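# Fold and geometry: a report
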Amino acid sequence: MTPANDLDSMDSLADFRNRFVHSPHDDLIYLDGNSLGRQPAAVGQVIEQVVNREWGERLIRGWNEGWLDISGSVGDLIGELLGARSGEVILAENTSACLYKAAVAALRSQPEKSNVLTDSENFPSDIQILRSACDSAGFHHKVTVVDTSSASDPTGALLAAVDDSTALISLSHVSYKAGWRWNLKEINEAAAKVDALTLWDFSHSVGAVPIDVQSDGVTLAVGCTYKYLNGGPGAPAFIYLRSDQDHLANPITGWFGTAEPFSFDASSPPASGIQRFLTGTPHVVSAALIRPGVEMLLEAGMDRVYEKSVGLSQRFIELCDQRLSPLGFEVRSPRDPQRRGSHVAVFHPDAQAVGLALINEKSVIPDFRPPDLLRFGFAPLYTSFTDVDSTVDRIVELVEDGGVDRWRNETPLVP
Ligand SMILES: Cc1ncc(COP(=O)(O)O)c(C=O)c1O
């Protein structure tokens, strides 16, 4: 195995690490960028600009000086990462609310069909939202959850359930637990054969793996901005809608979804493009904070980001197999990088205690997903190859020193 130091010194993305905020007081290894990305250092200047200059000094004039179209302008930046055309991506609310709007819109365009397909590994909130969308759409849609939890061929299991009654297939492109990655093109093509729509959740894939909505045949997608896009806690989510889908209607109509919100006319028609999926006032401050992270990814280029993501995660998997499996750990993410996102899930019977011990005693932050998985997220802009090796060293030290036992009875509020 090539020494980690050598890989770091050859890494063309290595300098990006210094463009994120790091605490000067610890040797923290942060491997939870798949949950909340690190803060880009440039966020400080954006806060100074948007909070102190624009809000503080320009006050209400800010609406005419960039706030009004901030959801679309930051949306377009994210769109560049997705290979979308300008005007196809907009920021709004959070992923759950965006998913709801998109799902109801899709179902109302398919009244003659009955079935919404998703899988058991999808994010639980997504499954709940799809059920709410069926209740709201006003027809007879119902959600079928295909059990892919132990399927050797999840794609085969899902596609076996697709038929003429399928209105919508909605999946997380990369699953939140095991990190399984669907082949966008394959599922979109299968859906098109039965005239079904697809609705993707890109939360765990945007900024982590290459996506090209045009060549992958994506019609509708949503995603969050606080993971690999480093947009900050509670940052708004985004909706992508292909520009030829003008017949899909936002189910929560409101003034910002009309062409002229400031006409104050309750009968204003919806705006024609993606703007019609807005409802109320944009989250100006948090939208502005998303820019630096997305700009860094665009500067780095998703090809380089992805190449490093695969390098980091493959190295981690190899080290887990060699050094952690004798200690009761087992890699539960797909081994084929084409089938994986940028995090690796590792089983341990006391995963929660291991995670707490790592955070509190070893300055390594992964996260825990019940009942028995630890997730290690590799954000290529700030994770080094040395981080990967040191994490495995620290896990070995922790287990050999009995650290797991010290955390067995703790249960934090957020795992
Ligand atoms: C795949 C996926 N979808 C949706 C969400 C929830 O997003 P939000 O809280 O923005 O609704 C998460 C949160 O981690 C997620 O992992």
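Further remarks concern the domain arrangement of the protein chain. Each assigned domain of the protein chain is listed here: domain 1 (4–30 + 301–407) and domain 2 (44–299). Spacing between the C-alpha centres of domain 1 and domain 2 amounts to 29 Å. Listed by partner, the interface residues are 28 residues for domain 1 and 24 residues for domain 2. Contact with domain 2 buries surface across domain 1, with Met-302, Arg-339 and His-343 losing the most and accounting together for 30% of the total. Here domain 1 and domain 2 share 2 salt bridges between them. Summed over the shared surface of domain 1 and domain 2, the result is 14 residue pairs in polar contact (both at pLDDT 80 or more). Looking at the side of domain 1 that touches domain 2, the elements that each hand over two or more residues are α9 (302–324), β10 (343–347) and β13 (373–377).

Let us now look at the layout of surface pockets. The volume enclosed by the largest pocket comes to roughly 390 Å³. For the largest pocket, the lining is made up of 18 residues, of which Glu-121, Thr-148, Ser-149, Ala-178 and Arg-332 are closest to its centre. Here the residues of the lining of the largest pocket sort into 8 nonpolar, 5 polar and 5 charged. When we break the lining of the largest pocket down by domain, the ones giving at least three residues each are domain 1 (4–30 + 301–407) and domain 2 (44–299). In terms of lining residues, the second largest pocket is bounded by 18 residues, among which Phe-123, Ser-203, His-204, Tyr-226 and Lys-227 are the most central. Residue composition of the lining of the second largest pocket, grouped by class: 5 nonpolar, 8 polar and 5 charged.

Rules used throughout
- Residues numbered from 1 in each chain as written.
- Predicted model: local features only at pLDDT ≥ 70, side-chain atom pairs only at ≥ 80, totals over all residues.
- Heavy atoms only, no water.
- Domains from an automatic or database assignment.
- Contact = heavy atoms within 4.5 Å.
- Buried area = accessible area lost by both parts, 1.4 Å probe.
- Salt bridge = Lys/Arg side-chain N within 4 Å of Asp/Glu carboxyl O.
- Polar contact = N/O pair within 3.5 Å; in protein donor to acceptor, adjacent residues only side chain to side chain.
- Helix = DSSP H or I, 4+ residues; strand = E, 2+ residues; numbered from the N terminus.
- 1 Å grid on protein atoms, 1.4 Å probe; cavity = no way out; pocket = protein on both sides within 12 Å on 5 of 7 lines; lining within 4 Å.
- Points joined across faces, edges and corners; volume = space filled by probe spheres on them.
- Nonpolar A, V, L, I, M, F, W, Y, C, P; charged D, E, K, R; others polar.

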